[in-house]
Protein chains: 2
Amino acid sequence: MAGSPRYRDHARQQLRDAIIGAARDLAIDRGWDAVRMADVAARVGVSRQTLYNEFTNKAGLGEAIAHREIDRFIGGVRDALFAHGADARAAVHAAVTFVLSQAAADPLIKSVLTSARGGSDTLLPYLTTRADLALAAAVAVLREWAEAHLPGTSPDDVTVGAESIARLVVSHVVLPLAPVEQTADTLADLARRFLD
Amino acid sequence: MAGSPRYRDHARQQLRDAIIGAARDLAIDRGWDAVRMADVAARVGVSRQTLYNEFTNKAGLGEAIAHREIDRFIGGVRDALFAHGADARAAVHAAVTFVLSQAAADPLIKSVLTSARGGSDTLLPYLTTRADLALAAAVAVLREWAEAHLPGTSPDDVTVGAESIARLVVSHVVLPLAPVEQTADTLADLARRFLD
DNA sequence: ACTTGACAAGACTTGTGTTCGTGTCAACTT
DNA sequence: AAGTTGACACGAACACAAGTCTTGTCAAGT
């Protein structure tokens, strides 16, 4: 007797997650080019064929990593923003801090934001192509927050403000001239000024 | 009878300028890697040895190109800013327009601003290393303008504002989502808001 | 539903020899 | 005296052939 469809879907999702996670780890310390489908399969403990069944090809697996990485990242930004009620300064401060430390810690996220070439080898083109998508997603989250907490402000102002803050954060990821804490302070103050 | 030292220095400066100009042109359409010292010399009509006498080595010539390019660029920004008296909006609008169209027209300037890898080959590392210098120079010019025309504003506010505007312009060079004119409008309005 | 082993096709590596460009020198020219 | 010319060592880039590895697909096995 096979399990219920629910259960099957769940197990399958777990499998996909494990594969994506393993591939991600390998990509981080080895570079995507040097990641072999066979290595990923071995690390997860499945056969190489299963990878092809699940993701059709290596490019598909790369896309899946990019998707998950960006989703996680944007989720983190959203959580940071919404953890501070209507306090714009605190919300922006938390979000900026999150982005900056995340970019420092996770090379994949950093490569999304900077569209950087890989230091040692070609990093995922799937990620680096997505800089504008990441920006658009960040702007969307910021607007979401502003609409929830600042009903008075004009939509145009919110859009301009959100995009500018997002661009400034990315700029500080690419070219950091001050410690994270100080940058977060500055940008949070800046954001507060907009919303008057 | 040799010419006066004045004359000699002038002639020498002209020579250096011609060499830098020729090297720059070659670098633009061929990539710095593919520029041969012999080609530069031939184009200017001097011997290869003269290049080495003037710039010691290829890296020295690269540095010289970078210097001149950045000087010209910053000079253009300054001119655009100061051509509009104390009208902050007009000044920023002009400067942003200048930077954006310059970046679109001159691949070398664009590579300074974006620290981009060369599309076809390795572009001058001398230029790409200078992104933070270019930013610092731009901030300095903006502060210069603010000090001349907005004596009332606090120095800290000016610094933060100038750096943010500069970063936003660079961001729009790297990732343009709107036409130049519209971006200039948006950033000019943004700048005006700061200075209240 | 997943694994295993086999396979073609082409991408990537390795070793080799050669060409090419830089950087330096000293002798020559004006 | 300032620039040119030709020569040269050295190492970096290129070319290419032989071999190896990886991807992607298949069919048969558990």
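For the structure, see preceding data.
What you are looking at is a predicted structure, and each value in this text was computed from that prediction instead of being measured. (Residues numbered from 1 in each chain as written. Chains lettered and ligands numbered in written order. Predicted model: local features only at pLDDT ≥ 70, side-chain atom pairs only at ≥ 80, totals over all residues.)

A separate point is the overall build of chain A. Within chain A, the regular secondary structure consists of ten helices and zero strands. For chain A, the α and β elements follow one another from N to C terminus as α-α-α-α-α-α-α-α-α-α. Put simply, 61% of the contacts in chain A that link residues at least 6 apart link residues at least 24 apart. (Helix = DSSP H or I, 4+ residues; strand = E, 2+ residues; numbered from the N terminus. Contact = placed C-beta atoms within 7 Å.)

What follows is about the protein's contact with DNA strand C. Of all residues adjacent to DNA strand C, which total 14 residues, the nearest are Val46(A), Ser47(A), Thr50(A), Asn57(B) and Lys58(B). Secondary-structure elements contributing two or more residues to the surface near DNA strand C are α3 (48-55) of chain A together with α2 (37-44), α3 (48-55) and α4 (58-82) of chain B. A per-element tally of the surface near DNA strand C places α3(A) first, with three residues. Residues of the surface near DNA strand C, tallied by class, amount to six nonpolar, five polar and three charged. (Near = placed C-beta within 6 Å. Nonpolar A, V, L, I, M, F, W, Y, C, P; charged D, E, K, R; others polar.)

Attention now goes to helix α8 (residues 131-149) of chain B. Residue and element names in this part refer to chain B. End to end, α8 covers 27 Å across 19 residues, agreeing with the expected 27 Å (1.5 Å per residue, within 8%). If you check which residues of α8 are buried, you get Ala134, Leu135, Ala138, Val139, Val141, Leu142, Trp145 and Ala146. All buried residues of α8 project into a common sector of 160° when viewed along the axis, lining one side. Seen from the open side of α8, the exposed residues pointing more than 90 degrees away from its buried face are Asp132, Glu147 and Ala148. Buried positions along α8 lie against α4, α5 (88-105), α6 (107-114) and α9 (155-174). (Expected span 1.5 Å × (residues − 1). Buried ≥ 20, exposed ≤ 12 C-beta atoms within 10 Å, placed from the backbone. Arc of directions from axis to C-beta.)

Around DNA strand D, the surrounding shell holds 14 residues, and the nearest of these are Asn57(A), Lys58(A), Ser47(B), Gln49(B) and Thr50(B). Listed by contribution, the elements that provide at least two residues to the surface near DNA strand D are α2 (37-44) and α3 of chain A together with α3 of chain B. Among the elements that take part in the surface near DNA strand D, α3(B) stands out by supplying four residues, more than any other. The residue makeup of the surface near DNA strand D, split by class, is five nonpolar, six polar and three charged.

Attention shifts here to the environment of Gly62(A). Residue and element names in this part refer to chain A. With respect to the helices and strands, the residue glycine 62 is situated in helix α4 (residues 58-82). Given 20 C-beta atoms within a 10 Å radius, glycine 62 is considered buried. For glycine 62 and alanine 134, which are 72 residues apart along the polypeptide, the C-alpha to C-alpha distance reads 16 Å.

With 79 residues, the main nonpolar core has Ala95(A), Leu187(A), Ala95(B) and Leu187(B) as its most contacted residues. Contact partners of Leu187(A), with chain neighbours within four places excluded, come to Val92(A), Val96(A), Ile165(A), Leu168(A) and Val169(A). (Core = buried A, V, L, I, M, F, W, Y, C linked by C-beta atoms within 7 Å.)

With an RMSD of 0.2 Å, the fit of chain A onto chain B corresponds to turning through 180° and sliding 0.1 Å along the axis. Such a combination of turn and shift is consistent with a two-fold rotation axis. Of all interface residues in chain A, 100% are interface residues in chain B too; the two copies therefore contact each other through one and the same surface. (Least-squares fit on C-alpha atoms with pLDDT ≥ 70 in both.)

With that settled, consider the interface of chain A and chain B. Interfaces are frequently sized by the accessible area removed from exposure as the parts join. Counting from both sides, the interface comprises 13 residues of chain A and, opposite them, 13 residues of chain B. Mapped by element, the contributors of at least two residues to the side of chain A that touches chain B are α8 (131-149), α9 (155-174) and α10 (180-194) of chain A. At six residues, α9(A) tops the list of elements feeding residues into the side of chain A that touches chain B. Class assignment of the residues belonging to the side of chain A that touches chain B gives a composition of seven nonpolar, three polar and three charged.

Residue and element names in this part refer to chain B. As a packed pair, α2 and α3 sit with axes 8 Å apart at the nearest point and diverge in direction by 100°. When the interaxial angle is binned, α2 and α3 end up roughly perpendicular. Only Arg48, Thr50 and Leu51 of α3 make contact with α2, whose side of the interface consists of Met37, Ala38, Val40 and Ala41. Partitioning the contact of α2 with α3 into residue classes produces five nonpolar, one polar and one charged. (Axes fitted to C-alpha atoms, helices over the stretch in contact; angles between N-to-C directions. Parallel < 35°, antiparallel > 145°, perpendicular 65-115°, else oblique.)

Attention now moves to the environment of Val139(B). All names here are of chain B. Among the structural elements, valine 139 can be located in helix α8. For valine 139, a count of 21 C-beta atoms within 10 Å gives the class buried. Separated by 53 residues in the primary sequence, valine 139 and arginine 192 have C-alpha atoms spaced 16 Å apart. What valine 139 contacts, discounting residues up to four positions off in sequence, is Ala162, Glu163 and Ala166.

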